[in-house]
Amino acid sequence: MSKITQNGTDEAEFAKPLYVPIKRRSFFMYAGATAGATALLLAGCKDEDNNVAAPTTPGMVSVGTGDVGVLNYAYALEQLEAGFYTQVRTGTYYTGLAATSAEKQILDDLYYHEVIHREFFKAAITAAAPTQIIKALEPDFSKIDFNSRTSVLGTAKAFEDLGVAAYNGAGRYIQSAQYLVIAGKIVSVEARHAAIIRDLVAEASFVDSDVVAIGSTGLELSKEPSVVVATANTFLKDGSKLDVSGIK
Amino acid sequence: MNIFAILSELEKTDPEVFERFDSRRRVFKHMTGFGKTLAASALPLALGSIFNKAYGQTTSAPSVNDVLNFALKLEYLESYFYDAGLGVAGSTATAAQTTFRALFSATNLSALDKIRTDEANHVKYLATALGANAIAAPARTQFDFTGGKGSGTGPFADVFLNPATFLAVAQSLEDTGVRAYKGGAPYLMSNKDVLTAALNIHSVEARHASRLRTMRRAGANNNTASAVAPAGTTEAGRNASPKSWISGKDNGGASPTQTAPIYDAGTAPSYTPTGITFPAEDNVTQGGVNLQTALSSLNFPTLAFSEAFDEPLPVPTVSAIASTFTITGSTLFS
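Keep in mind that what you see is a predicted model, and the values were worked out from it rather than measured. (Residues numbered from 1 in each chain as written. Chains lettered and ligands numbered in written order. Predicted model: local features only at pLDDT ≥ 70, side-chain atom pairs only at ≥ 80, totals over all residues. Heavy atoms only, no water.)

1. A look at the overall build of chain B
Across its full length, chain B carries 13 helices and 2 strands. Counting over 334 residues, chain B shows a buried share of 56%. Counted over contacts in chain B with a minimum sequence separation of 6, partners at least 24 positions apart contribute 71%. When the accessible area of chain B is evaluated, it comes to approximately 13,000 Å², of which 57% is carbon and sulfur surface. (Helix = DSSP H or I, 4+ residues; strand = E, 2+ residues; numbered from the N terminus. Buried < 20%, exposed > 50% of the residue type's maximum accessible area, 1.4 Å probe, protein only. Contact = heavy atoms within 4.5 Å. Areas by Shrake-Rupley, 256 points an atom, 1.4 Å probe, with all protein chains shown as cover.)

2. Topic: the overall build of chain A
On a plain count of helices and strands, chain A comes out with 9 helices and 2 strands. Put simply, chain A runs from its N terminus to its C terminus through helices and strands in the order α-α-α-β-α-α-α-α-α-α-β. Relative to its full complement of 248 residues, chain A shows a buried share of 56%. Contacts spanning at least 24 positions in sequence make up 73% of the contacts within chain A whose residues lie at least 6 apart.

3. Here's the deal with the pattern of salt bridges
Scanning the entire structure with this criterion turns up 26 salt bridges over all chains. Across the pair Arg 198 of chain A and Asp 161 of chain A runs a salt bridge, and its minimum N-O distance is 2.6 Å. In this pair, Arg 198 of chain A is assigned in helix α8 (residues 177-201) and Asp 161 of chain A in helix α7 (residues 149-170), connecting sequence segments 37 residues apart. Through salt bridges with shared partners, a single network forms among Asp 161, Arg 198, Asp 210 and Glu 220 of chain A together with Arg 207 of chain B. (Salt bridge = Lys/Arg side-chain N within 4 Å of Asp/Glu carboxyl O.)

4. As for the interface of chain B and chain A
Taken residue by residue, the interface counts 82 residues in chain B and 77 residues in chain A. The junction of chain B with chain A conceals about 6,600 Å² of combined surface from both sides, 62% of it contributed by carbon and sulfur atoms. Applying the counting criterion to the chain B and chain A interface returns 10 salt bridges. Of the charged contacts in the structure, one is a salt bridge between Arg 172 of chain A and Asp 193 of chain B, with a shortest N-O distance of 2.9 Å. Put simply, chain B and chain A have 34 residue pairs in polar contact (both at pLDDT 80 or more) between them. The set of elements that each furnish at least two residues to the side of chain B that touches chain A consists of α2 (17-22), α3 (25-36), α4 (43-58), α7 (106-130), α8 (163-184), α9 (192-218), β2 (289-290) and α12 (304-307) of chain B. (Buried area = accessible area lost by both parts, 1.4 Å probe. Polar contact = N/O pair within 3.5 Å; in protein donor to acceptor, adjacent residues only side chain to side chain.)

5. Quick notes on the nonpolar core
Tyr 73 and Phe 84 of chain A together with Phe 166 of chain B are the most contacted members of the largest nonpolar core, which totals 146 residues. Those residues in contact with Phe 166 of chain B that sit more than four places away from it in its chain are Phe 81, Tyr 82, Gly 85, Leu 86, Phe 100, Phe 104, Leu 112, Val 159 and Phe 160 of chain B. (Core = buried A, V, L, I, M, F, W, Y, C linked by side-chain atoms within 4.5 Å.)

6. Topic: the packing of aromatic side chains
Applying the stated criterion across every chain yields a total of 30 aromatic pairs over all chains. Relative to Phe 309 of chain B, the ring of Phe 120 of chain A lies with its centre 5.5 Å away and its plane at 80°, an arrangement referred to as edge-to-face. Note that Phe 120 of chain A is positioned in helix α6 (residues 102-128) and Phe 309 of chain B in the loop between α12 and α13 (315-322), a pairing that runs across two chains. Side by side, Phe 120 of chain A and Phe 309 of chain B carry an identical accessibility label, which is buried. Between Tyr 82 of chain B and Phe 166 of chain B, the aromatic rings sit 6.1 Å apart at their centres with planes inclined by 80°, giving edge-to-face as the arrangement. Taken together, the residues Tyr 82 of chain B in helix α5 (residues 64-86) and Phe 166 of chain B in helix α8 connect sequence positions 84 residues apart. Under the relative-accessibility criterion, Tyr 82 of chain B is labelled buried at 0%. Among the aromatic side chains, those forming a connected cluster through ring pairs are Tyr 76, Tyr 80, Phe 81, Tyr 82, Phe 100, Phe 104, Phe 143, Phe 145, Phe 156, Phe 160, Phe 166 and Phe 325 of chain B. Seen from the ring of Tyr 111 of chain A, Arg 89 of chain A lies directly overhead, with NZ or CZ sitting 4.1 Å from the centre. (Phe/Tyr/Trp six-rings, centres within 6.5 Å; stacked < 30°, edge-to-face > 60°. Lys NZ or Arg CZ within 6 Å of the ring centre and 35° of its normal.)

7. Looking at unusual backbone geometry
For Ala 204 of chain A, which is not a glycine, the phi torsion comes out positive at approximately 70°. Mapped onto the elements of the fold, Ala 204 of chain A is located in the loop between α8 and α9 (225-232). Taking the relative accessible area as the measure of exposure, Ala 204 of chain A reaches 2% and is therefore buried. The phi angle at Asn 251 of chain B is positive, at roughly 55°, despite the residue not being glycine. Tracing the backbone through its elements, the reader meets Asn 251 of chain B in the loop between α9 and α10 (256-263). On the basis of relative accessible area, Asn 251 of chain B is assigned to the partly exposed category, the value being 37%.

8. Considering the packing of helix α4 (residues 66-88) of chain A against α7 of chain A
All names here are of chain A. Their axes nearest at 11 Å, the elements α4 and α7 cross at an angle of 165°. By the angle between their axes, α4 is roughly antiparallel relative to α7. The handedness of the crossing between α4 and α7 is left-handed. Each of Val 70, Tyr 73, Ala 74, Leu 77, Glu 78, Leu 80, Glu 81, Phe 84, Tyr 85 and Val 88 in α4 lies in contact with α7, whose residues at this interface are Val 152, Thr 155, Ala 156, Phe 159, Glu 160, Ala 166, Tyr 167 and Ala 170. Here the contact of α4 with α7 is built from residues that sort into 14 nonpolar, 1 polar and 3 charged. (Axes fitted to C-alpha atoms, helices over the stretch in contact; angles between N-to-C directions. Parallel < 35°, antiparallel > 145°, perpendicular 65-115°, else oblique. Left-handed = near helix turned anticlockwise from the far one by under 90°. Nonpolar A, V, L, I, M, F, W, Y, C, P; charged D, E, K, R; others polar.)

9. Re the side chain of Arg 101 of chain B
Residues and elements named next belong to chain B. Mapped onto the fold, Arg 101 is located in helix α6 (residues 95-101). Of the polar contacts made by the side chain of Arg 101, one reaches the backbone oxygen of Leu 86; its length is 3.0 Å. Among all residues touching Arg 101, those that are not within four sequence positions of it are Leu 86, Leu 109, Asp 113 and Arg 116.

10. What to know about the confidence of the model for chain B
All names here are of chain B. Summary statistics for chain B give a mean pLDDT of 88 and a share of 82% for residues scoring 70 or more. Ignoring residues within four places in sequence, the model shows residues 3-8, a span with pLDDT below 50, making 10 contacts including any to other chains. Note that pLDDT drops below 50 for residues 17-58; the model gives that stretch 75 contacts with residues more than four away or on any other chain. Per the prediction output, this complex has pTM 0.83; the corresponding ipTM is 0.84. (pLDDT = per-residue confidence, 0-100.)

Here's what the structure looks like:
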């Protein structure tokens, strides 16, 4: 296959009459405006989803259907994780950590990353489907002792592993290649989190048999949305519990 | 010969013909030559090459089997690497392997053996899934993990003698794998079960990469690797003391001369679906929004915005990286 070298001047000069078409122009117009670009990104799913009634269970928060449903589902899980690490920072386990300690730096980074994930989904869904974004969920962290290393790291491990299993399990329900890649960009960071948190709990337990089929295929044990929310809902207050039956 | 009549005919069977050309702006560059330099007799040939560019490239998006076979090649690369250093699971290690194993702490050796097992299982899983369509297992002699293209004396000459070099190459392979699976995922969407399986390998590779990074910053002979914090707060220290995730471009990775492309931008093949790009790992723009700008009120460290997202790489870029470890003349990643 021949290699084509790009020569800006030549190309621009020649291409103009043939190829300045509106289509491309307006694309860059969109790309220039950040909010517009997100709207563009998410526009694909908007119309069809508006025509499908989202299933609702009284007292539960329905994530909706289609790609918006999956995005809301991810947004919900990121809300949980971000809320958790935010509260970790108030407990004596965290406040007692030396500034230079690995655990302090790891928990700081995880807090940053998860808040960024949450805010990313909030902005993206708001721009594309403002009427379909789920509300800010009220977490129930009453079972967690934020003053205890064991409790905090044990819960962090549960959340990170759950996040990885959730993204992997939801990939098949994503219709747009762009969202699939975005989910992929996040899930591998969650997997990196999970590995180090597991190692903090028990050194070298990053791929143990509760999360990876280590004795057979070497595959992550992903989970369907319905399985994930059964766990996630135990960390959400009544009125904030999730209904994911629209994802299919 | 009437080019426009041909295009018009073509449009009847392929309504997207003009779009194909339009999205391949470079094609038109070749057409500029028509009037100036090409004799009329050369036209059919030139035209053929234009169609080749418009169609040849747009139709070469990898099939499900292509993606799986490419993944299988990468898994062979990884699996053979761990086997070569640590010995094949279930077989007696050579004297050299036994000596090498003793250079790692007990917890680190346990971690490496788990990774080795996973990679061997990934090979088996993918080969089984592909069945008769699977590529033949490449000969182990096709690989030179020193990066010496067969000489055995490449930049990583002590890869199976020095545990730090071994971990550096391992991190590089796993981080490459993570980006490769991410880049391949869109081409698996037609088969949901295959897609799910690929995602389930993708996250395991990320877990491996995280652990290898943890071991690298603590040193190969440390039994509590996770207790060691990364050195410094800037990207500059990330070559030898990485975080468990990629921070910025990790300053070029474990050995920048060889590993910088692993963290850099990929070159998108022309068949890449609309909206999918392959930025460098220090990218902070997601879904069209510059998060660093949009979320500046959070006052988070600058690097956190790139750390929160990994980035995909396309097949050609991954092939170029992977071919660092094949011998001259090998066609595995060509």
